[in-house]
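Each chain is listed here by its residues.
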Amino acid sequence: MAIIKVVFGSVNGNAQQLAEDAVEQLKAAGHQAELLRHPEVAQLAGDCSEALLVITSTTGQGDIPPNLLPLYEQLNDQFPLMPEKPYGVVALGDSSYEDFAEAGRSFDFLLKDLKARRVIPTLFIDACETLDPEEEVAQWLDQWQALLD
Ligand SMILES: Cc1cc2nc3c(=O)[nH]c(=O)nc-3n(C[C@H](O)[C@H](O)[C@H](O)COP(=O)(O)O)c2cc1C
């Protein structure tokens, strides 16, 4: 059983819905999962044994959605090292944009810089190609959660 904090970046609700579903799936698998709607650095950086799941779309031109940007900026400014903190990223985007899924990539780079541990490679969800994002996330999440302590 792991303690997992879930954060999402979403403009039109796709990533938010996937994050809400993810919390239910993680709970059903026996974990203690919590969706942070207004995440603060202190909620994430305090205990490195707790896992972090980031589910974010990309907006603008490779930008992080406004609801998740404050967390990104705080993490970048405060730079709290999180050694070995397990994390995963689900990156939504649309490959017709030049900066495909850049928000998810940015979070991944930052968390790696903060010394957190990516449990499995980022899942990319391309709105141009993916017919069933819920199923793809569910399968990816199944692998991810099984590797948490
Ligand atoms: C105004 C706008 C800008 C977007 N910019 C990008 C982008 O730069 N890169 C990308 O990969 N996807 C981009 N997308 C696609 C979204 O990331 C994708 O549709 C995603 O599923 C939206 O999820 P959301 O409803 O959680 O925001 C953009 C979509 C919109 C509407």
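Here's what I pulled together on the structure shown here. (Residues numbered from 1 in each chain as written. Predicted model: local features only at pLDDT ≥ 70, side-chain atom pairs only at ≥ 80, totals over all residues. Heavy atoms only, no water.)

A short note on a negative patch on the surface
(1) Moving on: Among the surface-exposed residues, Asp21, Glu24, Asp132, Glu134, Glu135 and Glu136 lie close enough to one another that they form a single negatively charged patch.
(2) Moving on: Contributing elements (two or more residues each) for the negative patch: α1 (14–28) and α5 (133–146).
(3) Moving on: In terms of residues, the negative patch owes the most to one element, α5, which gives 3 residues.
(4) Moving on: Among the structural elements, glutamate 134 can be located in helix α5.
(5) Moving on: Judged by its relative accessible area of 42%, glutamate 134 is partly exposed. (Patch = residues over 30% accessible without salt bridge, like charges linked within 9 Å, V, L, I, M, F, W, Y side chains within 5 Å. Areas by Shrake-Rupley, 256 points an atom, 1.4 Å probe, with all protein chains shown as cover. Salt bridge = Lys/Arg side-chain N within 4 Å of Asp/Glu carboxyl O. Lys, Arg positive; Asp, Glu negative; His and termini not counted. Charge placed at Lys NZ, Arg CZ, Asp CG, Glu CD. Helix = DSSP H or I, 4+ residues; strand = E, 2+ residues; numbered from the N terminus. Buried < 20%, exposed > 50% of the residue type's maximum accessible area, 1.4 Å probe, protein only.)

Brief notes about helix α3 (residues 69–78)
(1) Moving on: When α3 is considered as a whole, its buried residues turn out to be Leu71, Tyr72 and Leu75. One side of α3 carries all its buried residues, which in axial view fall inside an arc of 100 degrees. The exposed set on the far side of α3, more than 90 degrees from its buried face, consists of Asp77 and Gln78.
(2) Moving on: Buried positions along α3 lie against β1 (3–9), α2 (41–45) and α4 (102–113).
(3) Moving on: Looking one or two places after α3, you find phenylalanine 79, whose phi comes out positive at around 50 degrees. (Arc of directions from axis to C-beta. Contact = heavy atoms within 4.5 Å.)

Overview of the packing of α1 against α5
(1) Moving on: Between α1 and α5, the least distance of the axes is 10 Å, while the angle of their chain directions is 40 degrees. Here α5 runs oblique to α1, going by the angle between their axes. Handedness of the crossing formed by α1 with α5: right-handed. Contact residues: α1 offers Leu18, Asp21, Ala22, Gln25 and Leu26, while α5 offers Pro133, Glu134, Val137, Ala138, Leu141, Asp142, Trp144 and Gln145.
(2) Moving on: Here the contact of α1 with α5 is built from residues that sort into 8 nonpolar, 2 polar and 3 charged. (Axes fitted to C-alpha atoms, helices over the stretch in contact; angles between N-to-C directions. Parallel < 35°, antiparallel > 145°, perpendicular 65-115°, else oblique. Left-handed = near helix turned anticlockwise from the far one by under 90°. Nonpolar A, V, L, I, M, F, W, Y, C, P; charged D, E, K, R; others polar.)

So, the packing of aromatic side chains
(1) Moving on: With the rule as written, the count across this model stands at 3 aromatic pairs.
(2) Moving on: Arranged with centres 5.4 Å apart and planes meeting at 65 degrees, the rings of tyrosine 72 and phenylalanine 107 form a pair that is edge-to-face. Residue tyrosine 72 is found in helix α3, and its partner phenylalanine 107 is found in helix α4; the two are separated by 35 residues along the sequence.
(3) Moving on: On the accessibility criterion, phenylalanine 107 (1% relative accessible area) is buried.
(4) Moving on: When the ring of phenylalanine 100 is compared with that of phenylalanine 124, the centres are 6.0 Å apart and the planes differ by 35 degrees; the resulting orientation is tilted. Of the two residues, phenylalanine 100 sits in the loop between β4 (86–93) and α4 while phenylalanine 124 sits in strand β6 (residues 123–126), which places them 24 residues apart along the sequence.
(5) Moving on: We classify phenylalanine 100 as buried; its relative accessible area is 17%.
(6) Moving on: Overall, phenylalanine 124 belongs to the partly exposed group, its relative accessible area being 33%. (Phe/Tyr/Trp six-rings, centres within 6.5 Å; stacked < 30°, edge-to-face > 60°.)

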